[in-house]
Amino acid sequence: MTDATSPADPTADGSPDYDAMTRDIADVPAVEVITTVAVHLLSAAAVNLGLDKPDSEHKDLDEARKLITALAGLVTASATEISSFHAAPLRDGLKSLQLAFREASIVPDEPGQGPGEKFTGPVFG
């Protein structure tokens, strides 16, 4: 037997009760929003670098560069706000992506000119 007040149950007119189903954005801590966005940028950049699987058909270094640069800006700007506990793994993931980009590039960028390096400084493996 299901609870008639369950958010997944449709209202009397058959439509879902979206107010009950959605989480008020004001209740979401900033650190959760920032880390969620960062994880999405990390994942999208990894796929565009072809790291999702060998011989990936999704490889697009131009898109990866944009995503990595956006991630670097977000991580750099928010690091002091979200604490080292949250920022450190994001920095590690960012550095891994920057190194993977350098490895995947046919013509490597000069040190300090790679994606996101204007925010992080030169990245060396």
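Residue positions are given per chain, counting from 1 as you read along its sequence in written order. At least 70 in pLDDT is required for a residue's local features to be given in this predicted model, at least 80 for side-chain atom pairs to be given and counted, and no such filter applies to totals for whole chains, interfaces and linings, which use all residues. Note that the side-chain values use all heavy atoms of the structure and ignore hydrogens as well as water.

Novice: Any chance you could break down the nonpolar core for me, citing the residues and the numbers?
Specialist: What is meant by a nonpolar core is a set of buried Ala, Val, Leu, Ile, Met, Phe, Trp, Tyr and Cys residues, joined one to another through side-chain atoms within 4.5 Å. Note on classification: 1.4 Å probe, protein chains only; a residue is buried when its accessible area is under 20% of the maximum for its type, exposed when over 50%, partly exposed between these limits. Grouped together as the largest cluster of nonpolar side chains are 20 residues, with contacts concentrated most on Leu49, Ile68, Leu71, Leu90 and Leu97. By the criteria applied, helices consist of DSSP H or I runs no shorter than four residues and strands consist of E runs no shorter than two, each listed in order from the N terminus. For this core, the element with the most residues is helix H3 (residues 61-104), which contributes 14 residues. When residues no more than four places from it in sequence are discounted, the contact partners of leucine 49 are Lys59, Leu61, Ala64, Ile68, Leu97, Ala100 and Phe101. Pairs of residues are marked as contacts when any of their non-hydrogen atoms sit within 4.5 Å.

Novice: Tell me about the pattern of salt bridges, residues and numbers included.
Specialist: Think of a salt bridge as a Lys or Arg side-chain nitrogen and an Asp or Glu carboxyl oxygen that are within 4 Å of each other. Across all of its chains, the model carries five salt bridges by this definition. Across the pair aspartate 62 and lysine 66 runs a salt bridge, and its minimum N-O distance is 3.3 Å. Of this pair, aspartate 62 and lysine 66 both sit in helix H3, four residues apart, which is roughly one turn of the helix. Residue aspartate 62 is classed as partly exposed on the basis of its relative accessible area, which comes to 45%.

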